[in-house]
Every structure is written in structure tokens, then in C-alpha cells.
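Observations on chain architecture
The primary structure of each chain is shown beneath.
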Amino acid sequence: MSSDFKIHAICVVKNEVDIIAACLRSAEQWADRIIVYDNKSDDGTWEVVKGLANARIIPWKQDGKVFQESIRAEVFNNFKAQASPGDWWCRLDADEFYVEDPRIFLARVPWPYHVVWGIAAEFT
């Protein structure tokens, strides 16, 4: 697969003030766009996100609807026209970090694959 692609990350957050800045700064190293949807945080998360806003970090919306996976679809549907064929969409959770640079990993995914599943390891 070509390395000529963009990575669009969708980050849905709620009350992540303790980790959101580190998450966004880390993802900013490999994501071309990080679209943040705040699920009505009341701990200052949204203010931190807005303070980090730039060409890559986009504080898109704050809404208090009950969380469901379709919130990510709402973000995708709003921004999909700005993507090109071959671009990747990424689920970015504020409290999880990638152990390998996704850009390097995705460049190695052979054609015609277009979905990559992740695995999470939890340490106690």
C-alpha cells in the first residue's frame, strides 16, 4: 500500500482533563486530523481541547446526548467529504495510546485490505 494517505482520528471524550492534552499531542505526531467530540464534560476537558486547537486538532462539537457508538458515525458523516480514497479513519480513545506509529503500520497494510482491527492490552 502507498504511504500517500491521511489519517483522520475521531476522538469522543467525556471528563478526560487529566489525559486529553497528552493524548492529542501524541496523536498529533501521526494523525493529519483529530476531530474531537466532547460528550458534555464538566471537568475542563473541552476547554483544554479548545486551547489545543490548530490545523490538526479540531474541537468539533460538545453535546450531552447519551453516549453510543453512533456518535463516531456522526463525526465521520460530517467530515467524510474531506477525505480521499485510500485515507484511513481511526478511533482515538483519550486514555489509550498506540505502541507503534499508525502511519508506519498502515503503510505496510497490503492492498486490497481496508480495515485493521486493534487489540487492547490492559495492565493492572
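Residues numbered from 1 in each chain as written. Predicted model: local features only at pLDDT ≥ 70, side-chain atom pairs only at ≥ 80, totals over all residues. Heavy atoms only, no water.

Focus on a negative patch on the surface
Definition in use: Each patch is built from residues that are more than 30% exposed by relative accessible area and take part in no salt bridge. Like charges join if they lie within 9 Å; nonpolar side chains (Val, Leu, Ile, Met, Phe, Trp, Tyr) join within 5 Å. A 1.4 Å probe and the Shrake-Rupley method give the accessible areas. Residues count as covered only by the protein chains that appear here. When a carboxyl oxygen of Asp or Glu is within 4 Å of a side-chain nitrogen of Lys or Arg, the pair counts as a salt bridge. Only four residue types enter the tally: Lys and Arg on the positive side, Asp and Glu on the negative side, with His and both chain ends excluded. Here the site of a charge means atom NZ of a Lys, CZ of an Arg, CG of an Asp or CD of a Glu. Numbering of helices and strands starts at the N terminus; helices are DSSP runs of H or I of at least 4 residues and strands are runs of E of at least 2.
Taken together, the side chains of D18, D95, E96 and E122 make up a negatively charged region of the molecular surface. Structurally, the position occupied by E96 is in the loop between β4 (88-91) and α4 (102-107).

A look at the sheet that holds strand β3 (residues 57-62)
How we decide: The criterion for strand pairing is that DSSP finds at least two bridges linking the strands in question. Fitting a line to C-alpha atoms yields each axis, with helices limited to the stretch in contact; the angle taken between N-to-C directions then spans 0 to 180 degrees. In what follows, residue pairs with any heavy atoms lying within 4.5 Å of each other are defined as contacts.
Reading across from one edge, β3-β2-β1-β4 is the order of the 4 strands in this open sheet, with parallel pairing throughout. Each edge of the open sheet is held by one strand with a lone partner, namely β3 and β4. Between one strand axis and the next, the sheet turns through 20 degrees on average, direction left out of account. The strands that helix α1 (residues 20-27) touches are β1 (7-13), β2 (33-38) and β3; relative to β2, the one it contacts most, it runs at about 155 degrees.

Let's talk about the side chain of R72
Tracing the chain through its elements places R72 in helix α3 (residues 70-79). If we ignore the near neighbours within four places in the chain, the residues touching R72 are I10, V12, F67, R91 and D93.

Re the packing of aromatic side chains
The condition is simple: Each Phe, Tyr or Trp ring (for Trp, its six-membered ring) is paired with any other whose centre lies within 6.5 Å, and the angle between the two planes then decides the class: stacked below 30 degrees, edge-to-face above 60, tilted in between. Relative accessible area decides the class of each residue, using a 1.4 Å probe on protein chains only: under 20% of the type maximum gives buried, over 50% gives exposed, and in between gives partly exposed.
Under the definition given, this model contains 4 aromatic pairs. Relative to Y98, the ring of W30 has its centre 5.1 Å away and its plane inclined at 75 degrees; by these criteria the two rings are edge-to-face. Here W30, found in the loop between α1 and β2, pairs with Y98, found in the loop between β4 and α4; they are 68 residues apart in sequence, far enough to count as distant. Measuring from ring centre to ring centre gives 6.0 Å for Y37 and W60, while their planes differ by 50 degrees; the resulting arrangement is tilted. In this pair, Y37 sits in strand β2 while W60 sits in strand β3, placing the two residues 23 residues apart along the sequence. Among the residues examined, W60 registers a relative accessible area of 25% and is labelled partly exposed.

Description of the nonpolar core
Going by this rule: Working definition of a nonpolar core: buried Ala, Val, Leu, Ile, Met, Phe, Trp, Tyr and Cys residues. They are joined through side-chain atoms within 4.5 Å.
With 24 residues, the main nonpolar core has C11, I20, L24, W30, I34, V36 and L92 as its most contacted residues. Where this core is concerned, the elements lending two or more residues are β1, α1, β2, α2 (45-51) and β4. The biggest single contributor to this core is α1, with 5 residues. The residues contacting V36, other than those within four sequence positions of it, are C11, V13, L24, W46, V49, I58, P59, W60 and K61.

Some words on unusual backbone geometry
Even without glycine at this site, N15 takes up a positive phi of about 50 degrees. Considering the arrangement of structural elements, one finds N15 in the loop between β1 and α1. Owing to a relative accessible area of 32%, N15 belongs among the partly exposed residues under this scheme. Even without being a glycine, K40 presents a positive backbone phi close to 70 degrees.

Comments concerning the pattern of salt bridges
Under the defined criterion, the tally for this structure stands at 8 salt bridges. Across the salt bridge formed by E100 and R108, the nearest N and O atoms sit 2.7 Å from each other. When salt bridges with common partners are traced through the structure, they connect E69, R72, R91 and D93 into a single cluster.

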